[in-house]
Amino acid sequence: MKKIIVLMFLSLFFLFLFPIQGNAAANTSKIFLNGEQLSLPNDVQVTIVNKNVMIPIRVVAENLKFDVDWNQQARQVKIQQNEKVISLTVDQKQAMVADKQVTLNTAPQILNKTLVVPIRFVSEQMGLSVKWNNQEKIVYLTGSNNEPTEASGDDSGSDTTSLTHVTDIVFADNQLVVSMDGEQVQPVISTLKNPDRLVVDLPGTVFGDLAQPLDQGLNGKLDVTGYPNVSEVRYSLFKRDPGQVRIVVELNNVKDLQFDQNVIADKLLIDLNVSGDSVTPVPVTPGIDTGRKVVVIDPGHGGSDPGTISITNKPEKEYVLALGLKVQALLLNEPDIELVMTRDSDIYPTRSERVQLANELNADVFVSIHGNSATSSPQASGTETFYYQRSSSKDLANIIHERLVKALGFKDRRVKNGNLQVIRETTMPAVLLEIGFLSNAAEEKAMSSEEVQAKAAQAIVDGIKEYLGI
Ligand SMILES: [Zn+2]
């Protein structure tokens with residue numbers, strides 16, 4: 001290898017001798033390395049040039065602890081750690097990584113007498129992952145031993161990555177649903193005693209345009225009346241640097257707390273299995289083998305559990321019962337089908353009881369009926385159908401979904417694999433239908449009409465019959 005003669009300066013003092021060049025917005029940005037804020041010298045500022053976050057070379061040397069050598073004649077800086085070497089030249093976009101030439105978005109430059117370099121490029125080349133919260137002007141660097149780094153060398157100006165936003169927190173049917181906008185987060189869920197509570201931490205999140213109220217200190221509470229085992233659901237911005245939303249579900253009189261967590265699309269779902277809920281027993285028809293197919297129809301929610309609240313303030317439980325009863329009326333006319341409803345009035349069987357009923361009956365199909373909601377985006381619309389893993393469930397989902405979309409003409413949000421208790425724990429082909437969005441004004445109006453409900457009921461029944469070959 002060729003030896004390069006460099007004029008090395010042990011100190012980077014000389015940099016302050018350079019005249020001021022260019023103009024860039026200086027600000028009071030902060031840098032976090034593996035969750036800890038770096039204490040930057042007073043005279044050091046993070047700057048943004050052409051949307052790229054630039055840091056003084058002193059930060060690279062002193063705070064990130066990379067070796068930095070300066071060649072004044074060549075106006076070149078060499079940054080080194082272990083085997084990795086990067087060479088950058090002032091005012092030049094061409095840089096060298098080992099002996100490969102790469103092109104930067106923004107050239108290193110002298111600003112306020114200080115050499116500044118693009119932090120994303122340097123950090124990623126050194127195996128750190130970089131996140132930039134533009135609103136808060138915070139740079140987050142994470143060591144590669146903590147998580148996989150993003151593809152290096154891709155300095156595509158994406159220095160505007162922000163934290164994931166929490167946009168909706170709903171507690172219904174003993175299920176906590178948190179909607180998020182942005183990169184998927186890894187929730188950390190723990191249970192604590194005295195009082196019994198479930199703590200859900202969402203690292204790397206802040207509140208977005210939250211549908212629920214927030215006070216000045218970024219705290220809020222949900223209404224949990226009607227849930228005797230839940231005394232409070234509160235949420236707060238637990239940490240600011242970096243952001244971390246925390247949701248606490250405080251429980252009441254719970255002997256044994258268990259929970260399931262699932263992530264579906266941009267929603268985190270946590271199902272609480274708490275014993276002691278006020279339960280109306282579901283009548284179980286003895287499993288007489290009549291040769292007929294057993295169909296279980298499950299209108300969601302009911303009783304103390306309203307489900308979501310529609311844009312016109314009506315509970316989901318009313319809509320799904322009205323539709324469920326129409327499905328019931330049609331299926332009762334089918335001589336080859338033995339129909340069992342999980343509820344045909346305003347009562348609340350727990351999800352475990354609904355599952356148990358279908359499993360004990362050894363039912364042939366299980367269809368759960370729901371109305372969707374996205375209060376933070378009232379434009380959201382369409383029909384989506386969930387199955388869980390089993391191909392028999394997927395087949396049933398495809399058949400019913402296609403008929404529903406055709407009959408209603410709502411947007412096709414497709415058939416999805418969803419880890420939901422009633423379709424996961426049932427042992428027969430099982431689907432969960434989200435007919436349409438009760439949070440969407442036009443769709444809710446249609447869904448409330450007798451005519452559209454009749455069409456939906458017919459589509460569901462036709463789908464079940466087709467699947468069963470009747
Ligand atoms: Zn529902």
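Criteria and thresholds
- Position numbers for residues start from 1 in each chain and track the written sequence from start to end.
- Totals for whole chains, interfaces and linings use all residues, but because this is a predicted model, local features are given only for residues with pLDDT of at least 70 and pairs of side-chain atoms are given and counted only at 80 or more.
- Only hydrogens and water are set aside when side-chain values are computed; all heavy atoms of the structure are taken into account.
- In DSSP terms, a helix is any run of H or I states spanning at least four residues, a strand is any run of E spanning at least two, and both are numbered starting from the N terminus.
- Burial classes follow relative accessibility: with a 1.4 Å probe on protein chains only, a residue under 20% of its type's maximum area counts as buried, one over 50% as exposed, and anything between as partly exposed.
- When checking whether two residues touch, look at their non-hydrogen atoms; a contact exists if any pair is within 4.5 Å.
- The accessible surface values rely on the Shrake-Rupley method and a 1.4 Å probe; as for residues, cover is taken only from the protein chains in view.
- Taking the helix axis as origin, the arc is that swept by the directions to the C-beta atoms.
- Water is absent from the atoms considered, so a metal site may look incomplete; donors are defined as N, O and S atoms within 2.8 Å of the metal, or 3.2 Å for Na, K and Ca.
- Axis angles are defined between N-to-C directions and span 0 to 180 degrees, where every axis is a line fitted to C-alpha atoms and, for a helix, only to the segment in contact.
- Each helix crossing is assigned a hand: it is left-handed if the near helix lies turned anticlockwise from the far helix by less than a right angle, otherwise right-handed if that turn is clockwise.
- Three classes are used, and their members are as follows: Ala, Val, Leu, Ile, Met, Phe, Trp, Tyr, Cys and Pro are nonpolar, Asp, Glu, Lys and Arg are charged, and the others, Gly among them, are polar.
- In this analysis, strands are considered paired if DSSP registers two or more bridges between them.
- In this description, a nonpolar core means a group of buried Ala, Val, Leu, Ile, Met, Phe, Trp, Tyr and Cys residues linked to one another through side-chain atoms lying within 4.5 Å.
- Ring pairs shown here join Phe, Tyr and Trp side chains whose ring centres sit within 6.5 Å, with only the six-membered ring taken for Trp; geometry is labelled stacked below 30 degrees between planes, edge-to-face above 60, and tilted in between.
- Assignment of crossover handedness uses the view with strands pointing away from the viewer, where a clockwise path from the first strand over the helix to the second indicates a right-handed crossover.
- Multiplying 1.5 Å by the helix residue count minus one yields the expected span of that helix.

**Considering the overall build of the protein chain**
Within the protein chain, the regular secondary structure consists of eight helices and 30 strands. Per-residue burial over the protein chain gives 50% buried out of 470 residues. In the protein chain, the proportion of contacts linking residues at least 24 apart, taken out of those at least 6 apart, comes to 65%. Carbon and sulfur atoms make up 48% of the accessible area of the protein chain, which totals about 22,200 Å².

**Here's the deal with helix α4 (residues 351–361)**
If you check which residues of α4 are buried, you get R351, R354, V355, L357, A358 and L361. Projection of α4 onto a plane perpendicular to its axis shows the buried side chains occupying an angular sector of 160°, all on one side. Among the structural elements, β16 (175–181), β24 (267–273), β25 (293–299), β26 (337–341), β27 (365–372) and α6 (421–424) are those in contact with the buried residues of α4. Count one or two residues on from α4 and you reach N362, which has phi positive near 55°.

**So, the coordination of the zinc ion**
In this structure, H301 (NE2), E316 (OE) and H370 (ND1) serve as the protein donors to the zinc ion, at separations of 2.0 to 2.1 Å. Of note, the zinc ion draws all its donor residues from one chain, in the sequence arrangement H-x14-E-x53-H. A residue pair is termed long-range when its members are at least 10 positions apart, and H301 in the loop between β25 and α3 (316–331) and E316 in helix α3 qualify at 15 residues. Take E316: its relative accessible area is 3%, and that puts it in the buried class.

**Some thoughts on unusual backbone geometry**
Glycine aside, a negative phi is what most residues show, and trans is what most peptide bonds show. Here the phi dihedral of N362 falls at roughly 55°; this positive angle occurs in a residue that is not glycine. Following the sequence through the fold, N362 ends up in the loop between α4 and β27. N362 gets classed as exposed once you look at its relative accessible area, which sits at 59%. With a phi close to 75°, R414 is a non-glycine residue in the positive phi region. Here R414 is to be found in strand β29 (residues 412–417). When its relative accessible area of 56% is taken as the criterion, R414 is described as exposed.

**Here we look at the packing of helix α5 (residues 391–408) against helix α8 (residues 450–468)**
For the pair α5 and α8, the least separation of the axes is 8 Å and the interaxial angle reads 150°. Considering the relative orientation of α5 and α8, their crossing is right-handed. Mapping the contact onto sequence places S392, D395, L396, I399, I400, R403, L404, A407 and L408 in α5 and V452, K455, A456, A459, I460, D462, G463, I464, E466 and Y467 in α8. Each residue belonging to the contact of α5 with α8 can be placed in one class, and the counts come to 12 nonpolar, two polar and five charged.

**A short note on the pairing of strand β10 (residues 100–103)**
Bridge count between strand β9 (residues 94–97) and β10: four bridges; the pairing is antiparallel. In the strand pairing of β10, V97 is matched with K100. Linking β9 back to β10 in an antiparallel pair, the connection comprises two residues, with A98 at a positive phi of about 55°.

**Section: the nonpolar core**
Ranked by internal contacts, the top residues of the largest apolar core, which has 34 residues, are I169, F171, L176, L202 and I247. Every element with two or more residues in this core is listed here: β14 (138–142), β15 (164–172), β16, β18 (197–203), β19 (205–207), β21 (230–240), β22 (243–251) and β24. Every residue in contact with L176, bar those within four places of it in the chain, is listed here: I169, V170, F171, V200, V233, I247, V249, L268, L269 and I270.

**What about the packing of aromatic side chains?**
This structure, assessed with the given rule, holds two aromatic pairs. When the centroid spacing of 5.6 Å and the interplanar angle of 35° are considered together, the rings of F32 and Y140 count as tilted. Of this pair, F32 sits in strand β2 (residues 30–33) while Y140 sits in strand β14, placing them 108 residues apart in sequence. By relative accessible area, Y140 is classed as buried at 8%. Look at F207 and Y235: their rings are 6.0 Å apart centre to centre, the planes differ by 70°, and that puts the pair in the edge-to-face class. In this pair, F207 sits in strand β19 while Y235 sits in strand β21, placing the two residues 28 residues apart along the sequence. You'll find F207 and Y235 in the same group, each marked buried.

**Examining the environment of K465**
Turning to its location among the elements, K465 is positioned in helix α8. K465 sits 65 residues away from I400 along the chain, and the two C-alpha atoms are 9.6 Å apart. Leave out the neighbours within four places in its chain, and K465 touches E334, I337 and I470.

**Overview of the sheet that holds β26**
The pairing of strands in a sheet comes from backbone hydrogen bonds and takes either a parallel or an antiparallel form. What the six strands build is an open sheet, ordered β26-β25-β27-β30-β28-β29; its pairing is mixed. Of all the strands in the sheet, just β26 and β29 have a single pairing partner and so form its edges. Direction aside, the axes of adjacent strands within the sheet are offset by 20° on average. Looking at chain direction, β25 and β27 are connected through five bridges and run parallel. Residue pairing across strands places P299 opposite I369, the latter belonging to β27. Sheet contacts for α3: β25, β26, β27 and β30 (430–437); angle to β27, the most-contacted strand, approximately 145°.

**Topic: the pairing of β26**
Consecutive residues of a regular strand have side chains that alternate between opposite faces of the sheet. For β26, the tally of buried residues reaches five of five residues, placing the bulk of the element in the interior. The pairing of β25 with β26 spans five bridges and is parallel. Looking across to β26, one finds that V294 is bridged to E338. For the segment spanning β25, α3 and β26, crossover handedness is right-handed.

**Observations regarding α8**
Turn by turn, an α-helix covers 3.6 residues, leaving residues three or four places apart pointing in a common direction. Relative to the 27 Å expected for 19 residues at 1.5 Å per residue, α8 spans 27 Å between its end C-alpha atoms, a close match to the ideal helical length. All buried positions along α8 are accounted for by V452, Q453, A456, A457, A459, I460, V461, G463, I464 and L468. Looking one or two residues past α8, G469 carries a phi angle of roughly 70°, positive in sign.

Spatial relationships are all this shows, so hold off on functional conclusions.
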